[in-house]
Amino acid sequence: DDQIERERASQRLSGGCCALAAVYLMGKFYVANAGDSRAIIIRNGEIIPMSREFTPETERQRLQFLAFLRPELLGKEFTHLEFPRRIQPKELGKKMLYRDQNMIGWAYKKIEEDDLKFPLIYGEGKKARVMATIGVTRGLGDHDLKVFSSNIHIKPFLSCFPEVRVYDLTQYEHCPDDVLVLGTDGLWDVTNDQEVAGMVMEVLTSYEPNDPCRYTMVAQELVVRSRGVLKERGWRLANDKLGSGDDISVFVIPLGGPGNYT
């Protein structure tokens with residue numbers, strides 16, 4: 001992240017990205033995630049999560065705590081408190097549910113002038129944004145990213161530190177159908193873990209266990225099915241729902257070789 005910051009000046013580069021990495025070392029997989037990509041292991045049909053997404057919703061308390069400690073980062077335009085909906089001026093003096101960096105549940109407070117400011121975290125689900133700007137809270141770069149029409153930087157709220165999970169391959173007997181799937185949010189936006197596992201098993205069983213191209217074909221099928229088919233109303237999935245509008249990158253990594261197959 002520091003290197004990207006240096007290069008943005010010397011090479012006039014801007015922007016940022018999420019990062020999902022898997023490292024195999026001495027019999028263990030280390031999966032590091034900074035962003036909203038996802039990794040799962042499929043072992044004997046069982047799904048084992050190897051990451052979690054970092055979004056304004058999953059990291060609400062970290063973001064609000066930083067804003068509470070350093071209110072100057074909000075540029076006097078935002079409030080770190082969260083309310084169930086946007087507050088209107090006519091509601092000054094009335095009571096409304098709220099929560100802050102210390103709260104999991106909700107409580108009531110009397111609405112004050114400062115509460116009328118735009119919330120630090122706005123929206124829900126995939127539409128949740130930090131300062132109405134970005135929907136992911138960890139990653140690399142984005143040092144120049146600012147709130148629209150302002151001089152408020154988003155970067156202090158974006159962490160470059162990944163969460164790392166470890167999987168010990170020596171603890172289990174793996175067959176050629178056991179795999180690690182790495183995918184960007186373009187895959188997971190429209191396809192859940194169970195659907196991915198189903199596609200993996202469907203494609204793998206159509207190839208011989210010692211056919212090395214079977215894993216490439218699984219990755220290709222996951223991309224194609226998540227993108228959908230172009231129709232009059234846009235890209236559509238098999239169930240006629242909208243296909244992914246984001247970039248889709250997928251890796252499928254075998255955990256066991258043909259010699260382990262039974």
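Above: the structure in question.
A few points on the structure. (Residues numbered from 1 in each chain as written. Predicted model: local features only at pLDDT ≥ 70, side-chain atom pairs only at ≥ 80, totals over all residues. Heavy atoms only, no water.)

**Let's talk about the sheet that holds strand β2 (residues 19-25)**
This is how the line gets drawn: Only strands that DSSP links by at least two bridges are regarded as paired with each other. Only DSSP runs of H or I with at least four residues qualify as helices, and only runs of E with at least two residues qualify as strands; both kinds are numbered from the N terminus onward. Here the axes come from fitting lines to C-alpha atoms, over the contacting stretch only for helices, and the angles between their N-to-C directions go from 0 to 180 degrees.
Taken together, three strands build an open sheet; the order of strands is β2-β3-β13 and the sheet is antiparallel. The sheet is open, and its two borders are formed by β2 and β13 (163-168), each paired with just one other strand. Ignoring which end each strand starts from, the neighbouring axes of this sheet average 15 degrees apart.

**Considering the sheet that holds strand β4 (residues 38-43)**
Sheet strands associate in pairs through backbone hydrogen bonding, adopting either a parallel or an antiparallel arrangement. Stated precisely, the cut-off is as follows: Contacts: residue pairs with any heavy atoms within 4.5 Å of one another.
Taken together, four strands build an open sheet; the order of strands is β5-β4-β14-β17 and the sheet is antiparallel. Edge positions in the sheet fall to β5 (46-49) and β17 (250-254), since each has one partner strand and no second. Strand-to-strand twist of the sheet, defined as the mean angle between neighbouring strand axes without regard to direction, takes the value 20 degrees. In the sheet, β4 pairs with β5 via four bridges, with the strands oriented antiparallel. The residue bridging Ile40 from the neighbouring strand is Pro49, located in β5. Each of β4, β5 and β14 (179-183) is contacted by helix α4 (residues 193-204), which is oriented at about 50 degrees to β4, the strand it contacts most. Contacts from helix α5 (residues 214-227) reach β14 and β17 within the one sheet, and its direction differs from that of β17 by about 150 degrees.

**Notes on the nonpolar core**
Considering soluble globular proteins, one finds that nonpolar side chains tend to be buried as a cluster. We count it as follows: To qualify as a nonpolar core, a set must consist of buried Ala, Val, Leu, Ile, Met, Phe, Trp, Tyr and Cys residues joined through side-chain atoms within 4.5 Å. For each residue, the accessible area found with a 1.4 Å probe, counting protein chains only, is set against the maximum for its type, and the residue is called buried under 20%, exposed over 50%, and partly exposed in between.
Of all hydrophobic cores here, the largest spans 19 residues; its most connected members are Val179, Val181, Val196, Val200, Leu222, Val250 and Val252. Looking at this core, the elements that each hand over two or more residues are β4, β14, α3 (185-188), α4, α5 and β17. Per element, the largest residue contribution to this core is six residues, and it comes from α4. Residues in contact with Val200, not counting those within four places in the same chain, are Ile42, Val179, Val181, Val218 and Leu222. In terms of nonpolar packing, the next biggest core, distinct from the first, is built from 17 residues, Phe78, Met131, Ile152 and Leu158 among them.

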